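Working through the structure, step by step
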Amino acid sequence: MPGLTRGIELDATDRALIAELQVDGRVPFVELGRRLGLSEKTVRNRVSALLSSDVIRIIGLTDPRMLGFEAIAMVGLTTDPAVPASQIAAEIAGIRDIDYVVVTTGRYSIMVEILATSPERLRHVIERQIGPIAGVRSMEIFPCFSLFYQKARFLAEGPASGVRSSPLSELDRRLAMVLSTDGRMPFRVAADRLGISETQVRARVSAMLEARQLSILAIMNPLAVGRSVAWLGLKIAPGARCEDVASHLADDPSVSYVFICGGRFDLFVEVICDNDSQLYSAIDKRFRSDRRIANAELFYYLDLHYKILSDID
């Protein structure tokens, strides 16, 4: 099954390489070796091994809506205790349109993100593919109004800018789609595929990076490096504006994803910290103390199946 693995031990060199690639996924191997005191050959072999074993993918990250995924939803599932949640999650993860499946604590046993090309396809996945799975008891659906913010960087130190939802021109959309499969693709190859010049590719990529419409970096399953992760379902207090709260939360270094939705919650926020203690502190101090948030419900990650967009095209 395609996806990013979490079952491989990473040593200090692997972690250092990934951290650098989370800052800049296109950094030359010669420069990586200089920074880490390694030969170019060692860097190349190590990165190749990380890629071939699906520990990381180096991609161009952008708003999935810009790539044609027009119907996005989070689905919370309750399950029959007689059927292991991990078994159900693994079966759901095999569905083409699913990019994120979490076995979690709290109100739901499993939380699923669906990226579909149309409302009809979204309904088909929910009714015809998830619903009939043995052990699924009930579903609560949260349609996405906006993928407000996404950041896949959590190993590198220092401030990180995530991608914010913003319309792309047709050329930029096509270029982002090409880079979503391989963020290190040579620009001349991308230019040939799109029928434009290499200079145009460099200029457009630079502009998208500057505008935070695109980020090129190594992504991986955060549980593979022992991070503590949770979804927070947030209900916004009366009188507060959802986008204002989302914008404020996006500036928090522990926040990796902000999803504005409909239903029981107004926002889903993914929080990633080094350990459980930091996770609790972040939630207690930064979310529960915010008067604009009427309620915050925690869904702690026990397991995660994580695919990238090219796995579900």
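Along every chain, residues carry numbers that run from 1 in the direction the sequence is written. Reporting in this predicted model follows two pLDDT cut-offs: at least 70 for local features of residues, and 80 or more for side-chain atom pairs to be given and counted; totals over whole chains, interfaces and linings ignore these cut-offs and use all residues. Computation of side-chain values: all heavy atoms of the structure, hydrogens and water removed.

On a plain count of helices and strands, the protein chain comes out with 11 helices and 11 strands. As defined in this context, the radius of gyration uses C-alpha atoms, and a globule is described by 2.2 Å times the residue total to the power 0.38. Here the C-alpha atoms of the protein chain give a radius of gyration of 19 Å, agreeing with the 20 Å that 2.2 N^0.38 yields for 313 residues. Seen through its C-alpha atoms, the protein chain measures out along the principal axes to roughly 50 × 40 × 40 Å. Burial status follows relative accessibility: with a 1.4 Å probe on protein chains alone, a residue under 20% of its type maximum counts as buried, one over 50% as exposed, and anything between as partly exposed. The burial tally for the protein chain puts 52% of its 313 residues in the buried class. Any two residues having at least one pair of non-hydrogen atoms within 4.5 Å are treated as being in contact. Considering only contacts within the protein chain whose residues lie at least 6 apart along the sequence, 76% involve residues at least 24 apart. For the charge count, each Lys or Arg is scored as positive and each Asp or Glu as negative, with His and the chain ends excluded. Where a charge sits is defined by one atom per residue type, namely NZ (Lys), CZ (Arg), CG (Asp) or CD (Glu). Of note, the protein chain has its 37 positive side-chain charges centred 1 Å away from the centre of its 39 negative side-chain charges. Segments assigned H or I by DSSP are reported as helices when at least four residues long, segments assigned E as strands when at least two residues long, and all are numbered from the N terminus.

Bringing the packing of helix H6 (residues 170–179) against helix H8 (residues 198–210) into the picture now. The description of two packed helices rests on the angle between their axes and on the distance between the axes. Running from N to C, H6 and H8 cross one another at 90°; their axes reach a closest spacing of 11 Å. The angle between H6 and H8 falls in the class roughly perpendicular. Along the contact surface, H6 presents Leu171, Asp172, Leu175 and Leu179, while H8 presents Val201, Arg204, Val205 and Met208. Each residue receives one of three labels: charged for Asp, Glu, Lys and Arg, nonpolar for Ala, Val, Leu, Ile, Met, Phe, Trp, Tyr, Cys and Pro, and polar for the others, Gly being one of them. Of the residues contributing to the contact of H6 with H8, the split by class is six nonpolar, no polar and two charged. Between N-to-C directions, angles cover 0 to 180 degrees, with each direction set by a line fitted to C-alpha atoms, over the stretch in contact for helices. Roughly parallel means an angle under 35 degrees; roughly antiparallel, over 145; roughly perpendicular, 65 to 115; everything else is oblique.

The α-helix winds at 3.6 residues per turn, so residues separated by three or four positions along the chain end up facing the same way. Relative to the 16 Å expected for 12 residues at 1.5 Å per residue, helix H10 (residues 276–287) spans 16 Å between its end C-alpha atoms, a close match to the ideal helical length. Here H10 has its buried residues at Leu279, Ala282, Ile283 and Phe287. Along the axis of H10, the buried positions cluster into a sector of 95°, meaning they face one direction only. Facing away from the buried side of H10 by more than 90 degrees, the exposed set consists of Ser277, Tyr280 and Lys285. Where the residues of H10 are buried, they touch strand E8 (228–236), helix H9 (242–250), strand E9 (255–261), strand E10 (267–273) and strand E11 (293–306). Take the residue count of a helix, subtract one, and multiply by 1.5 Å to get its expected span. Here the arc refers to the directions that run from the helix axis out to each C-beta atom.

Turning next to the packing of aromatic side chains. Planes of paired rings set the category: under 30 degrees apart is stacked, over 60 is edge-to-face and the rest tilted, where pairs are Phe, Tyr or Trp rings (Trp by its six-membered ring) whose centres lie within 6.5 Å. Counted according to the given criterion, the structure contains 13 aromatic pairs. The interplanar angle of 80° and the centroid separation of 5.1 Å between the aromatic rings of phenylalanine 142 and phenylalanine 268 together place this pair among those described as edge-to-face. Residue phenylalanine 142 is found in strand E5 (residues 136–150), and its partner phenylalanine 268 is found in strand E10; the two are separated by 126 residues along the sequence. Side by side, phenylalanine 142 and phenylalanine 268 carry an identical accessibility label, which is buried.

So, on to the packing of H6 against helix H7 (residues 187–194). Orientation of H6 relative to H7, taken along the N-to-C sense of each, is 125°, at an axis distance of 11 Å. Put simply, H6 runs oblique to H7. Crossing hand, H6 versus H7: right-handed. Each of Arg174, Leu175 and Val178 in H6 lies in contact with H7, whose residues at this interface are Ala190, Arg193 and Leu194. Partitioning the contact of H6 with H7 into residue classes produces four nonpolar, no polar and two charged. Left-handed is the label given to a crossing in which the near helix is rotated counterclockwise from the far helix by less than a right angle, and right-handed is the label when the rotation is clockwise.

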